[in-house]
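What the coordinates show
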Amino acid sequence: MKFSKLHKSVMSFIALGPLIYWFSVKLNQDLWWDEIISLKDYALEGFTTTITTYPDPNNHILFNIINGLIVQLFGWNNIYEVLESSFLLRVVQAVFALITLIYTYKIASNFFSKNFAFIAIALLCSTIPFLNFSLQLRGYNLSAMLLVMCVYYTWSYIKEKKSAYLIVASILVFTSLYTLPSNIYFFFGLGLTLLFEWVKGLLTIKSSNDKRKHNKGYLLMALSGAIALLLCYLAYTPVMENLLHNRFVDASPRKNAYALNTIFPNVIKAFFSYRWLLFLLPLPFIIFRKKLKQQKSTNKKT
C-alpha cells in the first residue's frame with residue numbers, strides 16, 4: 001500500500017502531535033534538582049571536574065561535557081545565569097529527541113516497512129518516558145539518541161558491509177556508554193542478537209566464499225566493539241572505584257537470579273501498570289492479517 005503526500009502529511013502531524021504539544025508547554029520549564037546538580041557540580045565546574053568526579057551515578061559524563069561546552073559558548077559563569085536562559089539548553093535536548101525520531105523512522109522504513117514507520121513514530125511520541133526525558137537536562141535523552149543511531153548503523157553495516165557504518169557504530173558504542181554506563185545491558189542484548197544472526201548465517205549460507213565474507217563482517221564488528229569497550233574502560237578509569245562501589249550499586253547480587261526473579265517481574269508490572277488486557281491488543285491485527293491472507297489466496301484461485 002502506498003500513501004499519498006496528503007496522507008503522509010496527516011499521519012506525520014498525528015504522530016508528532018504529542019511531542020509538539022509537550023515541547024510547547026515544557027520548553028520554558030524551570031530547572032529541577034537533578035538538572036541543577038548536573039549543571040552546578042559538573043558542567044559549570046569545567047572539563048577536568050566532569051571526567052574525574054563521580055560521587056553518585058548522577059554524573060552522566062558525556063552529557064555534562066556537552067552541557068559544559070554550551071555553558072562556555074554562552075559565557076555563563078554560575079547557575080543563576082543558566083537559570084535565566086535554561087530554555088536554550090532544552091532546545092538542544094529537543095534536537096536530540098528529533099534526531100531519535102529520525103533514526104527510529106529510518107530503522108522502521110529501511111529494515112521493516114515504510115508503512116509502519118509512521119506507527120513507530122506515533123508510538124514513540126506517545127510514550128510517556130520518551131516525552132518526559134525529551135527536554136530533561138540529563139543524559140537519558142542523549143543516551144536514547146545514541147543507542148537508536150547505533151542500532152541503525154550496526155544493521156546498515158550488516159546489510160551493506162560499508163566500513164564507514166562500522167566506524168560510526170563503534171563511536172556510538174563508546175559515546176553511549178560514556179553517557180550512561182548502564183547501557184552495557186543494552187549492548188549485551190544487541191551482542192546476543194548479533195551472535196544469533198552470525199550462527200544463523202553459518203547454518204544457511206552454502207557458498208564458502210559468502211560464508212567467509214559473513215564471518216569477516218561479524219569478526220570486524222566484534223573487534224570494533226571490543227575496542228570501543230576498552231576505550232570506554234580507560235575513559236572511566238579516573239572514577240572507576242566510585243562507578244563500581246557507591247550507595248546505589250551492589251558489589252554482588254543479593255541472591256541468585258535476583259534481576260530475573262525479582263526486578264524483572266516488577267518492571268513488567270510497572271510497564272503495563274497492571275493493565276493486562278494490553279496483551280490482547282495485537283489480537284485484532286493478527287486476525288486481520290490472517291483474513292487478508294485468506295482473501296488473497298481466494299482471489300488467486302478465482
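Relevant structure appears above.
First, a word on scope: everything that follows refers to the structure included in this document. (Residues numbered from 1 in each chain as written. Predicted model: local features only at pLDDT ≥ 70, side-chain atom pairs only at ≥ 80, totals over all residues. Heavy atoms only, no water.)

Section: the overall build of the protein chain
Our working definition: What counts as a helix is a DSSP run of H or I of at least four residues, what counts as a strand is a run of E of at least two, and both are numbered from the N terminus. In this scheme, a residue with accessible area under 20% of its type's maximum is buried, one over 50% is exposed, and one in between is partly exposed, where area comes from a 1.4 Å probe on protein chains only. Note on contacts: a residue pair is in contact if any heavy atoms of the two residues lie within 4.5 Å. To measure how exposed things are, a 1.4 Å probe is used in the Shrake-Rupley method; for residues, cover is taken only from the protein chains shown. Asp and Glu count as negative and Lys and Arg as positive, but His and the ends of the chain are not part of the count. By convention, the charge on Lys lies at NZ, on Arg at CZ, on Asp at CG and on Glu at CD.
A tally of helices and strands in the protein chain yields 15 helices and 0 strands. Its C-alpha atoms give the protein chain principal-axis dimensions of roughly 75 × 50 × 40 Å. Per-residue burial over the protein chain gives 35% buried out of 302 residues. At a minimum sequence separation of 6, the contacts of the protein chain that also span at least 24 residues come to 70%. By element, 68% of the accessible surface of the protein chain is carried by carbon and sulfur atoms, the whole surface being about 19,300 Å². Measuring between centres, the 30 positive side-chain charges of the protein chain sit 26 Å from its 13 negative side-chain charges.

Notes on helix H4 (residues 61-74)
Side chains of residues three or four places apart in an α-helix project in the same direction, reflecting 3.6 residues per turn. Short version of the rule: To estimate how far a helix should reach, multiply one less than its number of residues by 1.5 Å.
A rise of 1.5 Å per residue sets the reference length of H4, with its 14 residues, at 20 Å; its end C-alpha atoms lie 20 Å apart and thus fit the reference within 8%. Looking at the buried residues of H4, the elements they touch are helix H2 (33-41), helix H3 (47-52), helix H6 (86-111), helix H9 (139-160), helix H10 (163-179) and helix H12 (208-236). Looking one or two residues past H4, Gly 75 carries a phi angle of roughly 75°, positive in sign.

Here we look at a nonpolar patch on the surface
In plain terms, the rule: Patch rule: a residue counts if its relative accessible area is over 30% and it has no salt bridge; like charges are joined within 9 Å, and nonpolar side chains (Val, Leu, Ile, Met, Phe, Trp, Tyr) within 5 Å. Every case where a carboxyl oxygen of Asp or Glu lies within 4 Å of a side-chain nitrogen of Lys or Arg is listed as a salt bridge.
Taken together, the side chains of Phe 188, Leu 192, Leu 195, Trp 198, Val 199 and Leu 203 define a hydrophobic patch exposed on the protein surface, amounting to about 600 Å² of accessible area. Residue position: Val 199 is located in helix H11 (residues 184-204). Note on Val 199: relative accessible area 36%, which makes it partly exposed.

Comments concerning the nonpolar core
Cut-off, in case you're wondering: Throughout this description, the term nonpolar core refers to a set of buried Ala, Val, Leu, Ile, Met, Phe, Trp, Tyr and Cys residues connected via side-chain atoms within 4.5 Å.
Core analysis: the largest hydrophobic core is formed by 49 residues, its most contacted members being Leu 39, Ile 61, Tyr 153, Tyr 178 and Tyr 236. Those elements that place two or more of their residues in this core are H4, helix H5 (79-84), H6, H9, H10, H11, H12 and helix H13 (240-244). In terms of residue count, H9 provides more of this core than any other element does, 11 residues in total. Other than its neighbours up to four places away in sequence, Ile 61 contacts Thr 50, Ile 51, Tyr 54, Tyr 178, Thr 179, Tyr 236 and Val 239. Listed in part, the 12 residues of the second largest apolar core include Ala 15, Ala 94, Leu 101 and Leu 124.

Remarks on unusual backbone geometry
Despite not being glycine, Lys 161 shows a phi value in the positive range, around 60°. One can find Lys 161 in the loop between H9 and H10.

A word on the packing of H6 against helix H7 (residues 114-125)
So the rule is basically this: Axis definition: a line fitted to C-alpha atoms, over the contacting stretch in the case of helices. Angles run 0 to 180 degrees between N-to-C directions. It is the rotation of the near helix from the far one that decides the hand of a crossing: anticlockwise by less than a right angle makes it left-handed, clockwise makes it right-handed. Only Asp, Glu, Lys and Arg are considered charged in this grouping, and only Ala, Val, Leu, Ile, Met, Phe, Trp, Tyr, Cys and Pro are considered nonpolar; every other residue, Gly among them, is considered polar.
Put simply, H6 and H7 touch, their axes get as near as 8 Å, and they point 145° apart. The crossing of H6 and H7 is right-handed. Facing H6, whose interface residues are Thr 100, Leu 101, Thr 104, Tyr 105, Ala 108 and Ser 109, H7 presents Lys 114, Ala 117, Phe 118, Ala 120, Ile 121, Leu 124 and Cys 125. Residues belonging to the contact of H6 with H7 are distributed by class as follows: 9 nonpolar, 3 polar and 1 charged.

Considering the packing of H9 against H12
For clarity, the cut-off: The labels follow the angle: roughly parallel below 35 degrees, roughly antiparallel above 145, roughly perpendicular from 65 to 115, and oblique for the rest.
At a minimum axis distance of 10 Å, the contact between H9 and H12 shows a crossing angle of 155°. Classified by the angle their axes make, H9 and H12 are roughly antiparallel. Here H9 and H12 pass one another in a crossing that is right-handed. Packed against H9, whose contacting residues are Thr 154, Tyr 157 and Ile 158, the element H12 presents Gly 217, Tyr 218, Leu 220 and Met 221 at the interface. For the contact of H9 with H12, a count of residues per class yields 5 nonpolar, 2 polar and no charged.

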